[in-house]
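One-letter residues, chain by chain:
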Amino acid sequence: MIDKNKKLILFLDSGDTFIDESTEIYDEYGIVIKAKLINGAKEFLEKIYKDGFIIALVADGNYKSFENVYKYYGLWDIFKEKIISSEVGKQKPNSIMFETAIKKLNLCEEDIKRIVMVGNNLRKDILGAKLLGIKSIWMNWSPRYFSMPRDKYEIADYSVKTPEQLLSLIYKLEDNLNKD
């Protein structure tokens, strides 16, 4: 369902970006079996998928945990690729997470200017993206993680607090790319 006219490519984190980590329920093996989405997350994800954006899950954790939660909400298949640290062997901000997403999506160096990383963690999502020249959006709603950047690479290009604000920003960024 990818719209060839869309230029923006979305790399999305999961925990405390779209899934409320405080609601996670684990099995005896440490796998998340259930969790709640934050308000507006399902609608946001369905809308950007329906509108043809290329979406990759770029997240730290266990593959099965993400599969359990996103399948429960009917959202697992919206991700064109799923780059999960348990499969890659490294966590963000390690560049291999982002490079794997780029490779799996068959993107090239020129495409990096079209990618936006959305995440909640300045020291993982924002830093990792910025070190590769990827635009970053900080989903700043949860108090669980650091909110003060340690250096310029932990300063997000944009900051939002809700999926509704994120949706508006995504379309603004897409419009700006279409003007180029």
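Residues numbered from 1 in each chain as written. Predicted model: local features only at pLDDT ≥ 70, side-chain atom pairs only at ≥ 80, totals over all residues. Heavy atoms only, no water.

Enquirer: I'm lost on the overall build of the protein chain in this one. Help?
Expert: The secondary structure content of the protein chain amounts to six helices and eight strands. In the protein chain, the succession of helices and strands from N to C terminus is β-β-β-α-β-α-β-α-α-β-α-β-β-α. At 15 Å, the protein chain has a C-alpha radius of gyration in line with the 16 Å of a compact globule built from 180 residues. For the C-alpha atoms alone, the extent of the protein chain along its principal axes is close to 50 × 40 × 30 Å. Burial analysis of the protein chain (180 residues in total) assigns 49% to the buried set. At a minimum sequence separation of 6, the contacts of the protein chain that also span at least 24 residues come to 63%. Carbon and sulfur atoms make up 50% of the accessible area of the protein chain, which totals about 9,100 Å². The centroid of the 28 positive side-chain charges in the protein chain is displaced by 2 Å from the centroid of its 28 negative side-chain charges. (Helix = DSSP H or I, 4+ residues; strand = E, 2+ residues; numbered from the N terminus. Rg over C-alpha atoms; globule rule 2.2 N^0.38 Å. Buried < 20%, exposed > 50% of the residue type's maximum accessible area, 1.4 Å probe, protein only. Contact = heavy atoms within 4.5 Å. Areas by Shrake-Rupley, 256 points an atom, 1.4 Å probe, with all protein chains shown as cover. Lys, Arg positive; Asp, Glu negative; His and termini not counted. Charge placed at Lys NZ, Arg CZ, Asp CG, Glu CD.)

Enquirer: Just to check I follow, could you spell out helix 4 (residues 95-104) for this structure?
Expert: Residues that lie three or four places apart on an α-helix share one face, since the helix turns once every 3.6 residues. Met97, Phe98, Thr100, Ala101 and Ile102 are the residues of helix 4 that are buried. The N-cap of helix 4, judged by a side-chain oxygen 2.9 Å from the amide nitrogen of isoleucine 96 a few residues on, is asparagine 94. With its phi angle positive at about 55 degrees, asparagine 106 sits one or two positions after the end of helix 4. (Polar contact = N/O pair within 3.5 Å; in protein donor to acceptor, adjacent residues only side chain to side chain.)

Enquirer: Can you walk me through empty space enclosed by the protein in this structure?
Expert: To find leftover empty space, one rolls a probe the size of a water molecule over the atoms. Applying the stated criterion across every chain yields a total of one cavity of 30 Å³ or more. Its volume calculated, the largest cavity comes out at about 50 Å³. Considering the residues around the largest cavity, the lining is formed by Asp16, Asn120, Trp138, Met139, Asn140, Trp141, Ser142, Tyr145 and Phe146. In terms of residue class, the lining of the largest cavity is built from five nonpolar, three polar and one charged. (1 Å grid on protein atoms, 1.4 Å probe; cavity = no way out; pocket = protein on both sides within 12 Å on 5 of 7 lines; lining within 4 Å. Points joined across faces, edges and corners; volume = space filled by probe spheres on them. Nonpolar A, V, L, I, M, F, W, Y, C, P; charged D, E, K, R; others polar.)

Enquirer: Is there a simple way to think about the sheet that holds strand 1 (residues 9-12) in this case?
Expert: In any sheet, the strands associate via hydrogen bonds between backbone groups, in a parallel or an antiparallel arrangement. Read across the open sheet, the six strands follow the order 5-4-1-6-7-8; overall the sheet is parallel. At either end of the open sheet lies a strand with only one pairing partner, and these are strand 5 (81-84) and strand 8 (158-160). Averaged over neighbouring strand pairs, the angle between their axes works out to 20 degrees when direction is ignored. Looking at chain direction, strand 1 and strand 4 (residues 54-59) are connected through four bridges and run parallel. Residue pairing across strands places phenylalanine 11 opposite alanine 56, the latter belonging to strand 4. Along the sheet, helix 6 (residues 163-179) makes contact with strand 1, strand 6 (115-119), strand 7 (135-139) and strand 8, crossing strand 7 at roughly 165 degrees. (Pairing = 2+ DSSP bridges. Axes fitted to C-alpha atoms, helices over the stretch in contact; angles between N-to-C directions.)

Enquirer: Looking at this structure, I do not really get the pattern of salt bridges. What am I missing?
Expert: Where side chains of opposite charge bring their charged atoms close, a pairing between them can arise. Under the definition given, this model contains 12 salt bridges. Salt-bridge contacts for lysine 92 lead to aspartate 13; the nearest nitrogen and oxygen are separated by 2.8 Å. Taken together, the residues span a long stretch of sequence, with lysine 92 in the loop between helix 3 (85-88) and helix 4 and aspartate 13 in the loop between strand 1 and strand 2 (19-26) at a distance of 79 residues. Judged by relative accessible area, which is 3%, lysine 92 ranks as buried. Taken together, the shared-partner salt bridges in this structure form one network comprising Asp13, Lys92 and Asp125. (Salt bridge = Lys/Arg side-chain N within 4 Å of Asp/Glu carboxyl O.)

Enquirer: Which parts of the structure should I look at to understand the side chain of serine 65?
Expert: Position of serine 65 relative to the elements: it lies in helix 2 (residues 63-72). A distance of 2.8 Å separates a polar side-chain atom of serine 65 from the backbone nitrogen of valine 32.

Enquirer: Sorry, what's going on with the layout of surface pockets here?
Expert: As a volume, the largest pocket reaches approximately 340 Å³. In terms of lining residues, the largest pocket is bounded by 21 residues, among which Gly15, Glu21, Asp60, Gly61 and Phe66 are the most central. Of the residues forming the lining of the largest pocket, the biggest block, four residues, is contributed by strand 2. Residue classes in the lining of the largest pocket are distributed as six nonpolar, eight polar and seven charged.

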